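# Structural overview for review
As a plain string of letters, each chain reads:
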Amino acid sequence: MTTAVIVVPARAGRRIPRPGVWTASLFLALIALAAIAPGLLVHGSPNATDAISALQPPGHGHLLGTDANGRDLFTRVVYGARPSLLSGLGATALAVTLGSALGLLAALGGRVLDEITMRLVEVLMALPSLLLALLVIAVTGPGTLNVIFAIAAFTLPSYARLVRGQTMVIRRSGYVEAATSLGLTRGRIILRHILPNAFAPLLVLATIEVGTALVAASSLSFLGLGPQPPAPEWGAMLSGGRDYFSVAWWVAVFPGVAITLTVLSITVVGRHLQRLVEGRVS
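A brief report on the enclosed structure follows. Just so you know, these numbers come straight off a predicted model, no measurement behind them. (Residues numbered from 1 in each chain as written. Predicted model: local features only at pLDDT ≥ 70, side-chain atom pairs only at ≥ 80, totals over all residues. Heavy atoms only, no water.)

## A few points about the side chain of Thr-75
- Looking at the element boundaries, Thr-75 is found in helix α2 (residues 73-79).
- Here the side chain of Thr-75 touches Asp-72 through a polar contact of 2.8 Å, side chain to side chain.
- Beyond its immediate sequence surroundings of up to four residues, Thr-75 is in contact with Val-42, His-43, Gly-44, Ser-45 and Pro-46. (Helix = DSSP H or I, 4+ residues; strand = E, 2+ residues; numbered from the N terminus. Polar contact = N/O pair within 3.5 Å; in protein donor to acceptor, adjacent residues only side chain to side chain. Contact = heavy atoms within 4.5 Å.)

## Describing the packing of helix α5 (residues 129-140) against helix α6 (residues 144-170)
- Relative to each other, α5 and α6 sit at 145 degrees, their axes nearing to 8 Å. Here α5 and α6 pass one another in a crossing that is right-handed. Residues Ser-129, Leu-132, Ala-133, Val-136, Ile-137 and Thr-140 of α5 form the contact with α6, whose own contacting residues are Asn-146, Val-147, Phe-149, Ala-150, Ala-153 and Phe-154.
- Among the residues making up the contact of α5 with α6, the classes are represented as 9 nonpolar, 3 polar and no charged. (Axes fitted to C-alpha atoms, helices over the stretch in contact; angles between N-to-C directions. Left-handed = near helix turned anticlockwise from the far one by under 90°. Nonpolar A, V, L, I, M, F, W, Y, C, P; charged D, E, K, R; others polar.)

## A short note on the packing of helix α8 (residues 186-222) against helix α10 (residues 250-278)
- Interaxial distance between α8 and α10 falls to 9 Å at its minimum, and their mutual angle equals 170 degrees. Judged on the interaxial angle alone, α10 and α8 are roughly antiparallel. For the pair α8 and α10, contact is made by Ala-200, Leu-203, Val-204, Thr-207, Ile-208, Val-210, Gly-211, Leu-214, Val-215 and Ser-218 and by Ile-259, Thr-262, Val-263, Ile-266, Gly-270, Arg-271, Leu-273, Gln-274 and Val-277, respectively.
- Considered class by class, the residues forming the contact of α8 with α10 number 12 nonpolar, 6 polar and 1 charged. (Parallel < 35°, antiparallel > 145°, perpendicular 65-115°, else oblique.)

## A word on the nonpolar core
- Counting residues in each nonpolar core, the largest one holds 36 residues, and the members touching the most others are Ile-151, Ile-194 and Leu-220.
- Taken together, the elements giving at least two residues each to this core come down to α3 (81-108), α5, α6, α7 (174-181) and α8.
- Among the elements that make up this core, the one with the highest residue count is α6 (12 residues). (Core = buried A, V, L, I, M, F, W, Y, C linked by side-chain atoms within 4.5 Å. Buried < 20%, exposed > 50% of the residue type's maximum accessible area, 1.4 Å probe, protein only.)

## Description of the pattern of salt bridges
- Per the counting criterion, the structure on display carries 5 salt bridges.
- Close ionic contact of Asp-114 with Arg-164 constitutes a salt bridge, the shortest N to O distance being 2.8 Å. In this pair, Asp-114 sits in helix α4 (residues 111-126) while Arg-164 sits in helix α6, placing the two residues 50 residues apart along the sequence.
- Assessed through its relative accessible area of 13%, Asp-114 is described here as buried.
- What makes Arg-164 partly exposed here is its relative accessible area of 24%.
- Among the ionic pairs, Glu-122 bridges to Arg-119, the shortest N-O distance being 2.8 Å. Residue Glu-122 and its partner Arg-119 are both found in helix α4; the two are separated by 3 residues, about one turn of the helix. (Salt bridge = Lys/Arg side-chain N within 4 Å of Asp/Glu carboxyl O.)

Below, the structure is given as structure tokens:
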């Protein structure tokens, strides 16, 4: 007696769901909601003090506990998402804009401009990142906007080099040569052909670098160079809680966890986007 075996062919092109990517995406959506509308997640002011409730551990009434001034830590972590993300996203957006402009100028401006621009980029890359950021803030002063400029200063070289390399390749492609022969202006060729084709790898790099910028912003805030007290910001909260770590670990741990999970989620989503662009997702 023989047994028939039925083989069901796998569906071609089917992509296996990645729980890690979905989890990271949902967490980033929650962080985005906290940054845009924190009042939907918590009630009350993040700066409301209560001396009687100082340094209460996590529990009923205070989900993540309170700090040395009796302020609810969960409320401050939620409200701290806005300045933290603003620094990371703002610095990345500024770096992408300036870096793309420098990359296009180097690739399309002729040999002399290429040499000058790329030497400037190499000088910025040669300087230690933290030293360059501290130099910018020493000139401009502390604050969220100045932190954005400081971070953009040492992150823009990577975007400039990427856009320059992509533009050098695309400008020699057949469709760009065809557009040139048809009489299209340089501006239209850049907008219609060069930038759209360079956008995919630029988007991937920018997504991943948001996490790097967020860590840098938190580091500068940890040093007291970002938003000033009593404004809630994850790096500043982490700095303020280190003095109480032996008696109230939660004051420093939960802002640090928020930074870590956000950067990790950004990296996971960015790497997945990179695989999509490169066609390596199955």
